[in-house]
Amino acid sequence: MNNNLYNYILGIADNSLILGQRLGELCGHGPSLETDIACTNISLDLFGQVRSYFQYAAQIANDGRSEDTIAMLRTERQYVNVLLVEQPNVDFAYTITRQFLFDVYHYKFLVQLQKSNDATLAAIAKKSIKEVSYHLRFSSDWIKRLGDGTEDSHNRIQNAVNDLWAYTDELFHQTPADKTMIAEGIGVDTLKFKDNYFKEATEVLIEATLVVPDLEYFQKGGKEGVHTEHLGYLLAEMQYMQRTYPNMKW
Amino acid sequence: MAAEQPHIDKRLTAVLGTVSDPEIPVLSIMEMGVIRSAIINEAGVVMVRITPTYSGCPAMDVMGEDIIKALNEAGYKAEVNLVLSPAWTTDWITEKGRKALEDYGIAAPLDEVADKAVLLGNQKLVKCTLCGSTNTKLISQFGSTACKALFQCEDCREPFDYFKCLK
Ligand SMILES: [Zn+2]
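Residues numbered from 1 in each chain as written. Chains lettered and ligands numbered in written order. Predicted model: local features only at pLDDT ≥ 70, side-chain atom pairs only at ≥ 80, totals over all residues. Heavy atoms only, no water.

A. Quick peek at the packing of aromatic side chains. For the structure shown, the criterion picks out 14 aromatic pairs over all chains. Here the aromatic rings of Phe 151 of chain B and Tyr 162 of chain B are separated by 5.5 Å at their centres, their planes lie at 75°, and the arrangement is edge-to-face. Placement of Phe 151 of chain B in strand β9 (residues 148-153) and of Tyr 162 of chain B in strand β10 (residues 159-163) is noted, with a sequence separation of eleven residues between them. Each member of the pair, Phe 151 of chain B as well as Tyr 162 of chain B, carries the same accessibility label: buried. Here the aromatic residues Phe 102, Tyr 105, Phe 109, Trp 165, Phe 172, Phe 193, Tyr 197 and Phe 198 of chain A are joined through ring pairs into a cluster of three or more. Sitting above the plane of the Trp 92 of chain B ring, Arg 36 of chain B keeps its charged end 3.5 Å from the centroid. Against the face of Phe 142 of chain B rests Lys 164 of chain B, its NZ or CZ located 4.1 Å from the ring centre. (Phe/Tyr/Trp six-rings, centres within 6.5 Å; stacked < 30°, edge-to-face > 60°. Helix = DSSP H or I, 4+ residues; strand = E, 2+ residues; numbered from the N terminus. Buried < 20%, exposed > 50% of the residue type's maximum accessible area, 1.4 Å probe, protein only. Lys NZ or Arg CZ within 6 Å of the ring centre and 35° of its normal.)

B. Representation of the coordination of the zinc ion within the structure. Residues and elements named next belong to chain B. Coordination of the zinc ion by the protein comes from Cys 128 (SG), Cys 131 (SG), Cys 153 (SG) and Cys 156 (SG), over a distance range of 2.3 to 2.4 Å. Geometry at the zinc ion is tetrahedral, judged from its four donor atoms and the angles of 107 to 115° they form at the metal. Read in sequence order, the donor residues for the zinc ion give the motif C-x2-C-x21-C-x2-C. (Donors = N, O, S within 2.8 Å, 3.2 Å for Na, K, Ca; no water. Tetrahedral: all angles 85-135°; square planar, octahedral: opposite > 155°, others 65-115°.)

C. Seen up close, the interface of chain A and chain B. Taken together, the contact pairs 22 residues of chain A with 27 residues of chain B. Of the roughly 2,100 Å² buried between chain A and chain B on both sides combined, carbon and sulfur atoms contribute 61%. Summed over the shared surface of chain A and chain B, the result is two salt bridges. There are eight residue pairs in polar contact (both at pLDDT 80 or more) connecting chain A and chain B. Listed by contribution, the elements that provide at least two residues to the side of chain A that touches chain B are α2 (33-61) and α6 (119-147) of chain A. Partitioning the side of chain A that touches chain B into residue classes produces eight nonpolar, five polar and nine charged. (Contact = heavy atoms within 4.5 Å. Buried area = accessible area lost by both parts, 1.4 Å probe. Salt bridge = Lys/Arg side-chain N within 4 Å of Asp/Glu carboxyl O. Polar contact = N/O pair within 3.5 Å; in protein donor to acceptor, adjacent residues only side chain to side chain. Nonpolar A, V, L, I, M, F, W, Y, C, P; charged D, E, K, R; others polar.)

These values are about where atoms sit, not about what they do.
Below, the structure written as structure tokens:
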């Protein structure tokens, strides 16, 4: 099996899987009916995309692994999502900031992945980007509403930006699998849109009357499987059914 | 475009026309543009290719099962495969399908530019499905399912779904 391609797909899919799970936690707990539905619809889109990626990964592995076992039965260190997406839903401002910082990246990433030499990845990207354009519109809109809103909403979103900004740089780290896939024209060279990412994110934050943190040090580790303490709890909840009742089906 | 025309064996159109979208029962999956091809192979098995509207659409599995059930009842063996490319667009909803949506109380998708304008709340272009007024406002960019947004009419106060443009 092509290990680099397999690991590369997991790198993409784990971001959406873990973020989808975080958003799913808001089902029935969103701050209002509309935002609750929005967050869970975004979650559903992400899970749908994840299924396409993991079905493809299972096909590449070709050893009895399925989309479900890949999603549900790995240990914490085997998940390679970026740290940003596993950060908890502290309040709605955190949820929106996390979403926005990821959506800007996700959209630009899929624009490039559409041109991949790998036909399956290109097809998944073409399908997903339509959905992600709605996610980006939703999160950007809320960043502006909350930033340029009341004193309380402004302070909360500024706090979230201050905390989560440290996780943005990791989006652009490249693992050995990433580099091999980029060289083969399959993977996306994320460094090519890094400047553009920070420029666009900054523009929206400034329009939202927010201050962009000036950081020297950024958090990293997720792409190597070294996570924050939050991921273990998330996985415990996500994997509970599959671990308790192995091979269960809906 | 010719390349995007679904390829469906004429002997199957009537049967496939009876299968509806489980979330929008007035709309047959043919009118939805979800079936990309349906052919009878040499072994006499119907091979159907469907494409998801949204990646996470929970209705896709049900549609697949419903297609097989309908074809079995009509005396065919059938197999359904999901294809992602080319990606589904709301342009594939037929004229008849758009009419069925509107009659059911769901505003049909606008074109891409107008869609963006209404979903940012910049313009009033979505027609109320009850009274026809365009004096409508966006309540939520996400509605009861992934494919819809929630609107309300400012004249007759009717809340209704708008089928978002996907292109
Ligand atoms: Zn009305």
